[in-house]
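# What the coordinates show
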Amino acid sequence: MLFSSLVFLFFFMPFTLVGYYALRPWRSLQNYFLFFVSLFFYGWGEPEFVLVLLVSITCNWFFGLSLQRNAQSKVIRRVILLATLVLNLGIMYYFKYHTFTLTVLSQWVNVSHIPRIALPIGISFFTFQALSYVLDVFMGKVEAQKNPLDVGLYVALFPQLIAGPILRYETIAQQIHHRKETVADFSHGVVRFIVGLSKKVLLANQFALVSEEAVRLAQKNAISSSAAWVGAIAYGFQILFDFSGYSDMAIGLGKMFGFHFPENFDSPYISKSVSEFWRRWHISLGSWFREYVYFPLGGSRVTNQGRLYFNLLVVWALTGIWHGANWTFILWGLFYFVLISLEKAIGFEKLQQREDWIGRFFSAIGHGYTLIMVLIGWVVFRASTLLEASQYLQTMFHLGLLKGLQPDALRLLGENRIFFVIAFLACLPWLQWRRSCIRAYQGIKGVVLTLAIVAMFFISIVYLVKGSYNPFIYFNF
Amino acid sequence: MKWDMHQAGWEKVAAIMALLFVFSFTLYFVFFDQWFVQFYGDVFAQNNENFIENATREFEEAIQESVPWRLDMIEIHGLLQRWQDKRVVPDVNYGSLFKTSDKQIAFTTPYMEIESDLKALEKIHTELQALNLPFVYVQAPYKLEPGKQQLPYNIQEYGNDNADRLLKGLQELNIDNYDLREDFFNQGWTANELFYKTDHHWTIPSALMATSLLVEFLNQDYALKIDEAIFETNQFHFEEFPDFFLGSLGKRVGEQYSGLDSFTLVTPSFTTEYTVSIYNYGSWQEKQGDFSEAILVHEYLDSEAPKETNRYAAYNGDHEIIRIKNHTITEGKKILMIKDSYGLPIYSFLSLGVSEITALDLRLFNGSVADYAKEYNPDLVLYIFNTDAVGRGSFESD
């Protein structure tokens, strides 16, 4: 089920809120209720995959409990950990990578049959959450849950089930039984949800049309260099508002039920280096890899520089693969490995911090360089094949760009000028600039903000009723 | 990062207003709307393996169609598009709808393979040849004129290209055809005179003009000897209804965006006498009278009816079979027409010059055209379709 659907907004959400708060005196019942409605939410339209989710929950609950019961035996604990990894990654491999692997292998060996396997929505998200639970128990950070439904609630909680933020178990364990719902949190959650819904419906969906048209024209070799850039920028906006909008909705919904989820985005397009970009983009995924892959490998506190780059290579290759079974995602991950390694090698961020002309120079070029690299990355990420990515990039960097804005680029920009302006403004960290904006903010009457939020909500509903294009990019991961 | 500003009272007010909005819609759905009856009927009428998938989809569609003030919301959407001066409006069915340089609403047609269409037309041609019945394919126009830049820059449109390839294929197969588009667009009429701006169909006056062009062609190539003077404009009465019609495309983008069309009712000013037989769902109905009584469906012309009423359907369609007998021409010709919705006013007007015309709609007619033609024994079998029908299997029959 999509958050940005009428069935969610007018049926699932109100009935869930009423049911949840009707059980207010009984926390355990509230949790069970949330768990079962989450399964209903997940099974809407594709009920067969609920079974996959339940298998994952049951096995990981069992592994967690087994780890705790065998706390004294290192060997058994390692066997259990191995079984955890094999099972979770095995499920993920089968549904997400098996067909791709066989397709690649079939180029060298005879593969009799390549099955077409349907992908359970959000499998990468809930698998990583489930892994986080067992790994945190293994590392001794948390106690294992005795009740499988509590593990189920953590893994399947519907606001974050299919597109994150990926919650590390230790950050949420306490909240399962000891959260506190308040009017302030609830109302803030509603507002946050509306902000996310508006980002998704009013911005991401509009940019999706622009970027898809650019790709379609590029495939027919019927696009100018400048229009290809407009398409790439539109995709950059689309993926930001699609994913951060979803995260806003998830965080807002969490607050309505008393949960506090970690932030997932922090104005990533203001970054002055690629390293900074990845500290601001999909923060929960970066945090997961840092906690469970990078640090266990030794992180950056290694004596051997080669080892550092090896650790980075592992993390970025996995980041690419996590996003999908396609060479484009692998290349995209390795592209960031190269960029971040280079930044580390030359001390790019340290150079920016210097107070002389060198610092000023690197700060000045940092933002432009980061945005261009990120856009190149998105082109590869968006493409269905490496060839398609390469052709699109060739169009972007063709000398035709020197001719200025071509009619097709002007049309794409002109048709969507209001969205481009709003998107540009929405990328800026207004709320962090409170100190400089405080006077302006204080001048805004509450009634204006209230009307703005209600208007955004109403216009989003209008767009949903009209039935515009409404995809979710990260559902595929 | 801290997203939160100071927890403020305005958030509580905004949350209450948003929840009131949500819950009032929920209550409407639960207690006041009939959507569930439709949903229940749609879902449980089906008996298939993917019951849950279908049920959830039907549920979502039922809600989408039953949202309170749905049409008002589409109007607000249209108004927002107009304020933004947008010429491309996203649409669930068409992908996008476009405002042409003539301020008309149009959809585009993708590149279509035409081989199966050619095979279907070749098959019927061969079958009719065996019966010694002449056959001609007539290519009706769509509102996007060949070679004219009406769409926003770089929007790909293949409707005319598909039709061109089909006609070329027919020529190679030696199948008679008439490309109505060139003569139609060369009459010097404006785009808004030729086509409704809010609908994909031609206007009734331009359909009359198309009929006279068609008659000229048929007389020339098939010696049908239809009286061409009948189709001159001075033989007709034109009654204009200003701002009377919101067509199917206008409904999708909203009147605020598309505006309204005027509708011109065209009726012959000479004496007519008809028997019209209509076959739908296994039974025949019959009407008798003059052109206005027998052919026109007056409920579509009711000025009290909503603007989105399909005024174009006043010219009697779409039926599985419609047979029009003109009692004022007893020794005239008999024509079998296979058509899409563009054929409605054509068969209505063409009936003025022949003894009898029967039109089959292949979207509803499941039998064999050849078998029907054999039994009916017309002087000519005429296929008439607009460019959007090309490449979609529109010409196939048993």
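All values reported here derive from a predicted model rather than from experimental measurement. By convention here, each chain's residues receive numbers from 1 onward along its written sequence. Chains carry letters from A onward and ligands carry numbers from 1 onward, assigned in written order. Given that the model is predicted, a residue must reach a pLDDT of at least 70 before its local features are reported, and side-chain atom pairs must reach 80 or more before they are shown or counted; all residues, however, enter totals for whole chains, interfaces and linings. Neither water nor hydrogens contribute to the side-chain values; these are computed over all heavy atoms in the structure.

### Focus: the overall build of chain A
- Helical segments are the DSSP runs of H or I of at least four residues, strand segments are the runs of E of at least two, and each set is numbered from the N terminus. Assigned secondary structure in chain A consists of 20 helices and zero strands.
- Relative to the compact-globule value of 23 Å for 477 residues, chain A shows a C-alpha radius of gyration of 23 Å, a close match.
- Summarising its shape, the C-alpha atoms of chain A cover approximately 70 × 60 × 55 Å along the three principal directions.
- Total accessible area on chain A stands at roughly 20100 Å², and carbon and sulfur atoms take up 66% of it.
- Counted charges follow a simple rule, with Lys and Arg positive, Asp and Glu negative, and His plus the chain ends left uncounted. For the purpose of locating charges, the reference atoms are NZ of Lys, CZ of Arg, CG of Asp and CD of Glu. Placing the 38 positive and 23 negative side-chain charges of chain A at their respective mean positions leaves the two points 3 Å apart. Only the C-alpha atoms count toward the radius of gyration. The rule for a globule is 2.2 Å times the residue count to the power 0.38. Methods summary: accessible areas were calculated by the Shrake-Rupley approach with a probe of 1.4 Å, and residue burial reflects only the protein chains presented.

### Overview of empty space enclosed by the protein
All names here are of chain A.
- Points on a 1 Å grid over protein atoms alone make up a cavity when a 1.4 Å probe fits among them but cannot get out, and a pocket when they form an open set with protein on both sides within 12 Å along at least five of seven lines; lining residues each have an atom within 4 Å of a point. Grid points are joined across faces, edges and corners, and a volume is the space filled by probe spheres set on the points. One pass over the structure, following the stated rule, counts three cavities of 30 Å³ or more.
- In this structure, the largest cavity encloses a volume near 110 Å³.
- The wall of the largest cavity is formed by Ser211, Val215, Gly231, Ala232, Tyr235, Leu375, Trp378, Val379, Arg382, Ala383, Glu388 and Tyr392.
- Of all the elements in the fold, those that place two or more residues in the lining of the largest cavity are α8 (183–219), α9 (225–256), α15 (357–382) and α16 (386–396).
- The element contributing the most residues to the lining of the largest cavity is α15, with four residues.
- Residues are grouped as follows: Ala, Val, Leu, Ile, Met, Phe, Trp, Tyr, Cys and Pro are nonpolar; Asp, Glu, Lys and Arg are charged; every other residue, Gly included, is polar. When its residues are assigned to classes, the lining of the largest cavity shows eight nonpolar, two polar and two charged.

### Remarks on the pairing of strand β10 (residues 321–326) of chain B
Residue and element names in this part refer to chain B.
- Summarising the sheet, strand β8 (residues 274–280) and β10 pair through six bridges and their orientation is antiparallel. Pairing of Thr275 across the sheet is with Lys325, part of β10.
- Here the rule is simple: two strands pair whenever DSSP picks up at least two bridges between them. Examined bridge by bridge, β10 and strand β12 (residues 356–361) share five bridges and lie antiparallel to one another. Opposite Ile324, over in β12, you have Ile357 as the bridge partner.

### Observations concerning the nonpolar core
All names here are of chain A.
- By size, the foremost hydrophobic cluster in this structure holds 164 residues, and its most contacted members are Phe8, Leu9, Phe10, Phe158, Phe193, Trp281 and Trp378.
- Lining this core are residues from two domains, each supplying at least three of them: domain 1 (25–180) and domain 2 (186–465).
- Residue contacts are defined here by distance: any two heavy atoms, one from each residue, within 4.5 Å place the two residues in contact. Those residues in contact with Phe158, other than ones at most four positions away along the chain, are Phe3, Phe8, Phe12, Thr16, Leu34, Val37, Ser38, Phe41, Leu253 and Phe257. Remark: nonpolar core denotes a set of buried residues (Ala, Val, Leu, Ile, Met, Phe, Trp, Tyr, Cys) joined through side-chain atoms within 4.5 Å. Think of it in three bands: with a 1.4 Å probe and only protein chains considered, a residue is buried below 20% of the maximum accessible area for its type, exposed above 50%, and partly exposed in between. The start and end points of each domain follow an automatic or database-based domain assignment.

### Things to note about the domain arrangement of chain A
Residue and element names in this part refer to chain A.
- The domains assigned to chain A are domain 1 (25–180) and domain 2 (186–465).
- Here the C-alpha centre of domain 2 lies 27 Å away from the C-alpha centre of domain 1.
- Listed by partner, the interface residues are 33 residues for domain 1 and 29 residues for domain 2.
- Two parts placed together each lose some accessible area under a 1.4 Å probe, and adding up what both lose gives the buried area. Between domain 1 and domain 2 the total buried area reaches about 2600 Å² when both faces are included, carbon and sulfur atoms providing 72% of it.
- Salt bridge, as used here: a side-chain nitrogen of Lys or Arg that lies within 4 Å of a carboxyl oxygen of Asp or Glu. Run the count over domain 1 and domain 2 and you get one salt bridge.
- Among the ionic pairs, Glu291 bridges to Lys141, the shortest N-O distance being 2.4 Å.
- Polar contacts, as used here, are pairs of N or O atoms within 3.5 Å; protein pairs need one atom able to donate a hydrogen and one able to accept it. Residues neighboring in sequence count only if both atoms are side-chain atoms. In this assembly, domain 1 and domain 2 are joined by ten residue pairs in polar contact (both at pLDDT 80 or more).
- When contributions to the side of domain 1 that touches domain 2 are tallied by element, the ones reaching two or more residues are α4 (74–105), α5 (123–138) and α7 (169–178).
- Tallying contributions element by element places α5 first for the side of domain 1 that touches domain 2, with seven residues.

### Regarding the interface of chain A and chain B
- Opposite the 61 residues of chain A that make contact, chain B presents 54 residues.
- Around 5500 Å² of area is buried between chain A and chain B when both sides are counted, 72% of it from carbon and sulfur atoms.
- Counting the surface chain A buries against chain B, the share from its top three residues, A:Phe10, A:Glu415 and A:Lys466, is 13%.
- The interface formed by chain A and chain B holds one salt bridge in total.
- Ionic pairing is found between B:Asp91 and A:Lys466, a salt bridge with its closest N-O pair at 3.2 Å.
- Here chain A and chain B share 16 residue pairs in polar contact (both at pLDDT 80 or more) between them.
- Put simply, the parts of the chain that give the side of chain A that touches chain B at least two residues each are α1 (6–22), α8, α17 (407–415), α18 (417–426), α19 (434–443) and α20 (446–466) of chain A.

### Overview of helix α6 (residues 148–156) of chain A
All names here are of chain A.
- Of all nine residues in α6, seven are buried, a share of seventy percent or more.
- Taken together, the buried positions of α6 are occupied by Asp150, Val151, Gly152, Leu153, Tyr154, Val155 and Ala156.
- Check the buried side of α6 and you find it contacts α2 (27–43), α3 (50–69), α5 and α7.
- You can read the cap of α6 off the contacts: a side-chain oxygen lies 2.8 Å from the backbone nitrogen of Leu149, and it is on Asn147.

### Things to note about the sheet that holds strand β13 (residues 380–386) of chain B
All names here are of chain B.
- Read across the open sheet, the eight strands follow the order β5-β4-β13-β11-β12-β10-β8-β9; overall the sheet is mixed. A single partner strand is all that each edge strand has here, and the edge strands are β5 (177–179) and β9 (283–289). Looking at each pair of strands side by side, their axes are set apart by 15° on average, direction ignored.
- Here strand β4 (residues 135–140) pairs with β13 via six bridges, running parallel. Counted as the bridge partner of Gln139 is Phe385 from β13.
- A fitted line through C-alpha atoms serves as each axis, taken over the contacting stretch for helices, and the angle formed by two N-to-C directions is quoted from 0 to 180°. Packed onto the sheet, helix α9 (residues 204–222) meets β4, β5 and β13 and runs at close to 150° relative to β4.

### Notes on the environment of B:Ile226
All names here are of chain B.
- In this structure, Ile226 sits in the loop between α9 and β6 (236–245).
- In this structure Ile226 comes out as buried when scored by relative accessible area, which is 4%.
- A C-alpha to C-alpha distance of 6.7 Å links Ile226 and Val354, two positions 128 residues apart in sequence.

### Description of the packing of helix α5 (residues 115–130) of chain B against helix α14 (residues 369–376) of chain B
Residue and element names in this part refer to chain B.
- Axis separation between α5 and α14 bottoms out at 9 Å; the angle between their running directions is 25°. Comparing their axes, α14 and α5 come out roughly parallel. Two packed elements cross with a definite hand, and for α5 against α14 that hand is right-handed. Residues Ile124, Glu127 and Leu128 of α5 pack against Val369, Ala370 and Ala373 of α14. Any angle that falls under 35 degrees is termed roughly parallel, while one over 145 is termed roughly antiparallel, one within 65 to 115 roughly perpendicular, and all others oblique. Should the near helix be turned anticlockwise from the far one by less than a right angle, the crossing is termed left-handed; should it be turned clockwise, right-handed.

### Some words on a negative patch on the surface
Residue and element names in this part refer to chain B.
- What goes into a patch is any residue over 30% in relative accessible area without a salt bridge, connected to like charges within 9 Å or, for nonpolar side chains (Val, Leu, Ile, Met, Phe, Trp, Tyr), within 5 Å. A cluster of like negative charges, contributed by Glu182, Asp183, Glu216, Asp227, Glu228 and Glu232, occupies part of the molecular surface.
- One can find Asp183 in helix α7 (residues 180–185).
- Overall, the relative accessible area of 31% leaves Asp183 in the partly exposed class.

### Re a nonpolar patch on the surface
- A cluster of nonpolar side chains, A:Phe15, B:Leu27, B:Val30, B:Phe31 and B:Phe32, forms an exposed patch at the surface whose accessible area comes to about 560 Å².
- Top contributing element to the nonpolar patch by residue count: helix α1 (residues 9–32) of chain B, with four residues.
- Counting through the fold element by element, B:Leu27 comes out in helix α1.

### Re the pattern of salt bridges
Residues and elements named next belong to chain A.
- Scanning all chains against the criterion turns up 25 salt bridges over all chains.
- With a closest N to O distance of 2.8 Å, Glu263 and Arg192 form a salt bridge. Placement of Glu263 in the loop between α9 and α10 (274–280) and of Arg192 in helix α8 is noted, with a sequence separation of 71 residues between them.
- The exposure class of Arg192 is buried, given its relative accessible area of 3%.

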